[in-house]
Structure formats: structure tokens, C-alpha cells
Amino acid sequence: MRKQKFDIKYIDTYIELFTDLVFIKNMKGEYTHCNNAYLEFFNRKKEEIIGKNDYDLLPIKNADKCIKDDQNVLKSTHPIDCEDMFTFKEQDIYFKTTKQLIYDNEEKLIGIITIARDITQIKQYQLLYEDNNALLEYMHYEFNTKKILSKIVELSEKRNKNIKCSILLLDKNKEYLQHIHSNNLKYHWSEPIYSKNNLLLGTFTMHSDTQNSPNDFQHQLMISYAHLTAISLEKEDKRVESDVRIRKVLEKQLIRKTKDLRLFKQVIDNINYGVLITTADGTNKLLYANEEFSKITGYTKEEVLGKNCKFLQGDDLQIKKINVIKEGIKKRKKIQVELRNYKKDGTLFYNLLSIAPVYSKENQLINFVGIQKDITNLKKQEAQMAEQAKLASMGEMITNIAHQWRQPLSVISTAATGMQLQREFGLLKDSDFDKTCNAINENVQYLSKTIDDFKNLLQNDSPKKYFNLTKVINNFLSLISGTTTNDQITVIVNLDDSIEINGYENELNQCFMNIFNNARDALLKQTNRLFFMESYMKNKKVVIRLKDNAGGIPDTVINKVFEPYFTTKHQFQGTGLGLHMTYNLIEEGMKGRIKVKNSSFNYKNIDCYGAEFLIILPYL
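Right, let's walk through the structure included here.

What counts, and at which threshold
- Residues numbered from 1 in each chain as written.
- Predicted model: local features only at pLDDT ≥ 70, side-chain atom pairs only at ≥ 80, totals over all residues.
- Heavy atoms only, no water.
- Helix = DSSP H or I, 4+ residues; strand = E, 2+ residues; numbered from the N terminus.
- Buried < 20%, exposed > 50% of the residue type's maximum accessible area, 1.4 Å probe, protein only.
- Contact = heavy atoms within 4.5 Å.
- Areas by Shrake-Rupley, 256 points an atom, 1.4 Å probe, with all protein chains shown as cover.
- Salt bridge = Lys/Arg side-chain N within 4 Å of Asp/Glu carboxyl O.
- Expected span 1.5 Å × (residues − 1).
- Pairing = 2+ DSSP bridges.
- Patch = residues over 30% accessible without salt bridge, like charges linked within 9 Å, V, L, I, M, F, W, Y side chains within 5 Å.
- Lys, Arg positive; Asp, Glu negative; His and termini not counted.
- Charge placed at Lys NZ, Arg CZ, Asp CG, Glu CD.
- Axes fitted to C-alpha atoms, helices over the stretch in contact; angles between N-to-C directions.

With that settled, consider the overall build of the chain. In terms of regular secondary structure, the chain is built from 16 helices and 21 strands. Taking all 620 residues of the chain together, the buried fraction comes to 40%. Long-range contacts, defined as pairs at least 24 residues apart, comprise 56% of the intrachain contacts of the chain with a sequence gap of at least 6. For the chain, the exposed surface amounts to about 36,800 Å²; the carbon and sulfur share of it is 51%.

Written out as C-alpha cells, the structure reads:
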């Protein structure tokens, strides 16, 4: 920015060109120059100003403000504009000031020049306008005329220091309308109060202990407040309607808002969710609770208003979820969390709680609103669904076990029968006996391992731990090897053996099994049966791809396959819970994602088309 340079010899001449108040302070904060407009306004001589600082000339509060503004100019090196208010001769004086650094011709910093314009009259009329609007709005919802007149007097005295005001009405029958301050002030100035029909109703009076006549602003105040008094009286008498446009606008707005509030209250009182409104001051005390909240919790409004909702937690501390709530409130963001809460009688219920901040028109945080839903029945249904899915899985497991056991049992049966025949004909040698027994034992151990593998697969409460993904996939392939051999399904794998996952091993195996079982049912209708499994890293995520060549899922239902009880099988073949449980295990249990689509691909020069499931999991 270009520096403001002055020839020191002509500074006094320069600042006298301004009709505004102008003064200059050096880097020590001492006044070095001021124009005559400044001296005349404050009725001071130049020697009373020069060499002094702000604390010598101004009240402490104003001096602090001036010094802070000077420091801001020095930091920014740019001119700054500000508005200041001083109390001078018991009157509030308003200035619009501009401060700027000034330099001499050698660009040496001289100090700060301040140009102050008296905007007191503008501010006074601005305050008068604000008072009029405030009183008109107050008159709209306040029907007690005495209170309205008291408000008028209160505002008028607020704008005039050391002056008392009163309203005197001519109608003696309405004594309660007389509003006169008892005082011993000597001097009085009055403004008549006229009705719209030009009837004299009374006077609005200012009282003072000094003989000075009212200034222009005070005179306008009396006229304005006399007019407002007339409006309030005519409203009370119901003689005429106010012709004040602002009042009509406010009335329309208030009516509309009242209707909106009534409608909103009806909706909130009849909604099937608990609705809460709390403070936003850190205590989060309840300000409002609807009827549904009382139905859900058993507490009446009177018992909970003014309290924090943590009383619903009882002794059941859910640290992680409580921290989610605290973090949401701290960062003023929307959150949703599932809590275990307790009713007034101690009954456990599951509470799906959503919390959101509420802001004013000025974008100030004023409240938090909470929406709660009792999902206890839903949780019971989920438990039932999980049990049904487990039973369905057990049925499918038995089929897989049958396929797994068929060959080992055949070997055991053949070996035992062979030894019997050899013994009957005297051909059984010790070496053949030992060899056959070893073969029988190996197959029995294989059967035992198969039982352990399937037993582990059905345990859904395995701990979260680190495991090698390829090892889990190979274990899964071992479990279905009997089925794939029996059904002539070719399994093609392409695995990254280095991938480690922090998750639930058995649950992931169960997901693979559910996807395979759905693919198997469709593959049995094909002649060339292929099932693919692939694992790899992408964008620091673990990706597991499972696909088949069974013809794909119909487009009309592919978006529904993860919904509970949805199945494309015959009603005696499937429950529709396998893929739904898979979705929950991946999305909620392992914080991953699962997607499905139909894909076309080529394998060994054969065009294929089938369903493709994509599982995406966090890496470590």
C-alpha cells in the first residue's frame, strides 16, 4: 500500500482543511497536532492537548479502546475504520473514525493520524427507529396498556441521561393510565398526545433539573413517544386500527409463525418418536420432551425437565457410545447412536438416538434436538433372524459334511470289509493289517478335523484378531471341497498370500459360505460350473472378489438380495437370511462394504456371465 507522506512544516495547515475532528499522535501515543474543529468540539485549548496521551484526556474505557485501535493500525499498516462512543457533558457522542499511519518526506514513520466525524445525530435517529420498532412489536403481543406506557417511559429515559419522563392523560376515569414519576425536578417540556381524529388525549413530558431547552433529538423523541402513546391508547379503546405499516407486517408475521408453531407442536406431540430439546450451554438440560418420550421411558415431563438425559443410562456405562455423543455435541454435528437405556421401572430398552444442533437466524448455536426410537422389538427380531440364519446354515453344513464324509467313509468301509475277507481266506498279513489300520485312522482323523472345522464355522462369537486372509480362504475351500467335487464345480483362486486382516475369522468364513451356497444353487443348472475367488490390495483396502458363471441375478431383484427374508429360491430351499446376515457381518461387524453386480468375463476363451460379490475391508 502507498505510504501517506507529509511535509512536517505543513501538517497544521493540512489538518485545518478538514471540517471533521483531526489529530495526530506520535509513536509514544502523545498528541502532537490537532485542528481547530477538535479544540472547538471539546472546548479545549491547544496547550491542554499537545503532549498529553489518551489516558490524560479520556475516560479509561475510551482510552483503552483508542490504544487498541492504534495497535491494530501499527500491526496491519493499513487504514482502519471504527466507530466510537464518548460521554461528553453527560451526553453520548458517537464518532466514525479513520486511523492511518503517516510518514515524513523521507518515509520515516511520524505517527498515526485520526479523522473523526461526529455521527451522533445519525446514531440517535437510528436508535429512535429501533425503539419505535421494538415498541410496535411489544404492543402487538402485550395487551396491558399500563405495561405498554411503562415500556415507553423506560425507553425514553434510557435515551436521555438525567431526564425523567411521564405520561399524563386527560381522561380521569382511566386513572390506571396515569403514569407520572414522582420527582422534584424543576423544568418540564411537554408534547401533546393526539388521537388519529385529532382529539387531545394527554401529554408526554420530560423533566430535568437544568433549564436547557430540549435539543433537536430530544424534541423528536417527545414527538415519537407521544405518537406511540396515542397508538397504544387507541388500541386499548378499540377506536381505530393502527395505520403503522411495520406493525401490520409484524402482525402478519406473528400470525403466520403462530400457525406454524401450532402445526409443529401438533406434529411433534403425535409423532411416533421421542423428541427432546436441550440447552446448548454445556449442561444439555432438557427444555422440552413430547408425549412419546414419556411413553417410551415412563417418565413424566415434570420429572425430566431441567435434567441431563444421562439418567436413562443407569449404571450401564457405554463409554464408546457416550464418547460419540460427546464428540458430536462438541463439534456441533449430527450423530446417530444405538444405546442401552432403562425405563423408570428399570426395564431395559434399546434406544436409537439421533442428535442435531439448532441454530438461530444469526447462525448462533441455541439448542440441540434429539430424536429417539425404541428399537427393542427390532433387536429381538434381529436375534430371531440370526438364530434362523444359524439353523439354516446348520442345514447347509450337514449337506456339506455329507459330501465331505462320503469318500472317507467309503475308504473306511472298503478297508474294514477287505480285512474281513482276507482273514476268512487266511490271506491277512501283519503288514497289510497295519497298512489298512493306518488308512482307517487317517480317514477317521480327517473326519474329526472336518467336525472341528464346521463347529468353528458355526461359532459366531469368535474374538477379533489378526489373521492371514489366504489361510482363512483355504480353510473355507477345504470345507466346501466335498461339495465342489460331488457337484463338479471347478474353483479358481488368485490370492495375495501377504494380506493380514484384523477381524472375525469365523464370521468371514460364514460370509464366504453364504455366498458360495447361493452360487451353488444357480451353478447346478449349468453344465460348465465355475466359481472364482480373488484377493488383492487397492487404495489401502483389502478387496475380496467372489464370482461365478451361473447366469447372474435378475436385474429386477439384484438390489434386494441383502434384504431380510428375500430369496430367489423355492420357499422350501431358502430362508432369505444368508446374504442379509452376510451384509450385517461385513458392514457392521467388520466395518467394511459389500456390493453385488452381474459381470461378463472370459475364462480360457470361454465367455462367462454371472454374479460378482465384492467385499472391501479395512487393512489392519
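From this point, the narrative continues.
Moving on, we get to the pattern of salt bridges. For the structure shown, the criterion picks out 14 salt bridges. Salt-bridge contacts for Glu303 lead to Lys344; the nearest nitrogen and oxygen are separated by 2.6 Å. Of this pair, Glu303 sits in helix α10 (residues 301–304) while Lys344 sits in the loop between β12 (335–342) and β13 (348–359); the two residues are 41 residues apart in sequence, bridging distant segments of the chain. Overall, the relative accessible area of 46% leaves Lys344 in the partly exposed class. The salt bridge involving Lys331 is made with Glu327; its shortest N-O contact spans 3.0 Å. Of this pair, Lys331 and Glu327 both sit in helix α11 (residues 319–331), 4 residues apart, which is roughly one turn of the helix. Each of Lys25, Asp54, Asp70 and Lys99 takes part in a single network of salt bridges with overlapping partners.

Turning our attention to helix α6 (residues 145–158). The terminal C-alpha atoms of α6 lie 20 Å apart, and with 14 residues this matches the ideal 20 Å at 1.5 Å per residue to within 8%. Along α6, the positions that sit buried rather than exposed are Thr145, Ile148, Leu149, Ile152, Val153, Leu155, Ser156 and Glu157.

The next subject is unusual backbone geometry. Residues other than glycine seldom take positive phi values, yet Asn363 does so here, at roughly 65 degrees. Asn363 sits in the exposed class, given a relative accessible area of 58%.

Here we come to the pairing of strand β2 (residues 21–26). For β2, a buried count of 5 out of 6 residues is recorded, marking the element as mostly surrounded by other parts of the structure. Strand direction decides the pairing type here: β2 and strand β6 (residues 109–118), joined by 6 bridges, are antiparallel. When the bridges of β6 are listed, Phe23 appears paired with Thr114. Relative to strand β3 (residues 31–34), β2 runs antiparallel, the two being bridged by 3 bridges. For Ile24, the partnering residue across the bridge sits in β3 and is His33.

Once that is clear, we can look at a positive patch on the surface. A cluster of basic residues, Lys320, Lys321, Lys464 and Lys591, forms a positive patch at the surface. Position of Lys320 relative to the elements: it lies in helix α11. Look at Lys320 and you get exposed, because its relative accessible area is 72%.

What follows deals with the sheet that holds strand β7 (residues 164–169). Read across the sheet, 3 strands follow the order β7-β9-β8 without closing on themselves; strand pairing throughout is antiparallel. Edge positions in the open sheet fall to β7 and β8 (187–194), since each of these has one partner strand only. The average undirected angle you get between the axes of adjacent strands in this sheet is 20 degrees. Across 6 bridges, β7 lies against strand β9 (residues 200–208) in antiparallel orientation. In the sheet register, Lys164 faces β9, and the bridge partner there is His207. Along the sheet, α6 makes contact with β7 and β9, crossing β7 at roughly 150 degrees.

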